[in-house]
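# Summary of the model geometry
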Amino acid sequence: MAAKEGSQTSILVCQVRSAKAEHKMDTTNFLLRTKHFPSASKIVYLGNVTSTLISLLENPETPIFTVPPSYNEQKWSLETISGQLNIKITSDSYWGLGLFNSGYLNIIILEGPINLRSRIVYDLTSSLPYKPWEFKHLSSARKWIKRKFPEVDEKVNQQNWLELIDYSNQRFKETIQVMKEAIEKVSQKVKHTESTEYWDKEKAGVSLAAAEFDLELAKGALADNNAPAVERAIARIEASLIEANPETGVHENEQKEDLQEQSIVISEITVDNEGSSEVDINSINQIDSVSSKEDIPLIDLTMESEQE
């Protein structure tokens, strides 16, 4: 089975639907290049499956061709590594003497931990507009698979795909359930806790509402098989719960009397004059000045002036 914990390898056969001359092979080093590569190179048709899969890998090594394309630019084999995941892909024709894109298939061999294999397959199938294990020319595909991979027939191949997809799907469901239970626990804490100098109950309620909203977004994204959206929603839920939790949230709640001491109330230094607001200069001059209750000593300078 493709998704068993003890297995480290998955073999998947899939239908190629389209292929364009958007890549080249560096004929010196046999590395995959873009179509604008200036040095010695040969055109290669990757096909929609391989180009999509490579684009989904995180920081992969530059793919190298182990079987370079010859006169048929859509028949080749390449390998690449992305972290702990090793990927080997072979493109071959199985119908129509290789004259049509729909007559090609890819054999994808994934080696690595089950969570990495299942995730790349989950993302790949979500990105393709069709089920990759369904072939355009089923009878010819059956014959080709039986000849090349006798242990993998049509049903086993489909099962391998679905098991990997289901593995990631179940993990996302479990994570969403954990987030739901966490929201309930934090809600109970908020309910039985009063505001403090550093934590505000009302703001915590806003954070909880945001977490519940993102929980629904995560469920919707999972229904659409949108793994990145699920992960983003879960990350936002975790952040909201940290803010809402009385034990971890710090809102730096400022006291009203402190704000009054540090700010000037505009209504106290303005005069309403026929519906317009004008600044009262006398009031402004009193700010940070000597209190009106204090006696200001007068110095009589007239005596000194007369003597002069």
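Quick summary incoming for the structure in this document. (Residues numbered from 1 in each chain as written. Predicted model: local features only at pLDDT ≥ 70, side-chain atom pairs only at ≥ 80, totals over all residues. Heavy atoms only, no water.)

This brings us to helix α4 (residues 154-191). Counted at 1.5 Å a residue, the expected span for α4 with its 38 residues is 56 Å, and the 56 Å between its end C-alpha atoms agrees. Two or three places before Lys 155, at the start of α4, stands the capping residue Asp 153, its side-chain oxygen 3.2 Å from that residue's backbone nitrogen. (Helix = DSSP H or I, 4+ residues; strand = E, 2+ residues; numbered from the N terminus. Expected span 1.5 Å × (residues − 1). Polar contact = N/O pair within 3.5 Å; in protein donor to acceptor, adjacent residues only side chain to side chain.)

What follows is about helix α6 (residues 227-244). Taking 1.5 Å per residue as the helical rise, α6 with its 18 residues ought to reach 26 Å, and the 26 Å between its terminal C-alpha atoms agrees with that figure. Among the residues of α6, Ala 227, Ala 229, Val 230, Ala 233, Ile 234, Ile 237, Ser 240, Leu 241 and Ala 244 are the ones counted as buried. Taken down its axis, α6 places every buried residue within 155° of arc, on the same side. Taken together, the buried residues of α6 touch α2 (114-127), α4 and α5 (201-223). With a side-chain oxygen positioned 3.3 Å from the backbone nitrogen of Ala 229, the residue opening α6 is Asn 226. (Buried < 20%, exposed > 50% of the residue type's maximum accessible area, 1.4 Å probe, protein only. Arc of directions from axis to C-beta. Contact = heavy atoms within 4.5 Å.)

Packing of α2 against α6 leaves a shortest axis separation of 10 Å and a crossing angle of 115°. Listed contacts from α6 to Arg 119, Tyr 122 and Asp 123 of α2 are Ala 227, Pro 228 and Glu 231. Considered class by class, the residues forming the contact of α2 with α6 number 3 nonpolar, no polar and 3 charged. (Axes fitted to C-alpha atoms, helices over the stretch in contact; angles between N-to-C directions. Nonpolar A, V, L, I, M, F, W, Y, C, P; charged D, E, K, R; others polar.)

If you trace the 3 strands from one edge of the open sheet to the other, you get β3-β2-β4, paired in antiparallel fashion. Only two strands of the sheet have a single neighbouring strand rather than two, namely β3 (32-34) and β4 (41-44). Strand after strand, the sheet turns through a mean of 40° between neighbouring axes, direction not considered. Of the pairings in the sheet, the one linking strand β2 (residues 23-26) to β4 comprises 4 bridges and is antiparallel in character. Bridge pairing links Lys 24 to Ile 43 in β4. (Pairing = 2+ DSSP bridges.)

Okay, the environment of Glu 73 next. In this structure, Glu 73 sits in the loop between β5 (64-67) and β6 (76-82). Exposure remark for Glu 73: the relative accessible area of 26% places this residue in the partly exposed category. C-alpha separation for the pair Glu 73 and Ile 43, spaced 30 residues apart in sequence, amounts to 6.7 Å. Setting aside chain neighbours within four positions, we find Glu 73 in contact with Lys 42, Ile 43, Val 44 and Tyr 45.

Counting buried residues along strand β8 (residues 104-111), 6 of its 8 residues qualify, which places the element largely inside the surrounding structure. Both strand β1 (residues 9-15) and β8 contribute to a ladder of 7 bridges, which runs antiparallel. Bridge pairing in β8 places Ile 11 opposite Ile 109.

Before going further, it helps to examine the nonpolar core. Ranked by internal contacts, the top residues of the largest apolar core, which has 52 residues, are Leu 53, Phe 65, Ile 108, Leu 110, Val 121 and Trp 161. In terms of residues, this core owes the most to one element, α4, which gives 10 residues. With residues up to four places along the chain from it excluded, the contact list for Phe 65 reads Met 25, Phe 30, Leu 31, Leu 32, Val 44, Leu 46, Trp 76, Ser 77 and Leu 78. Ranked by size, the runner-up nonpolar core spans 10 residues in total, among them Val 13, Leu 105, Ile 145 and Phe 149. (Core = buried A, V, L, I, M, F, W, Y, C linked by side-chain atoms within 4.5 Å.)

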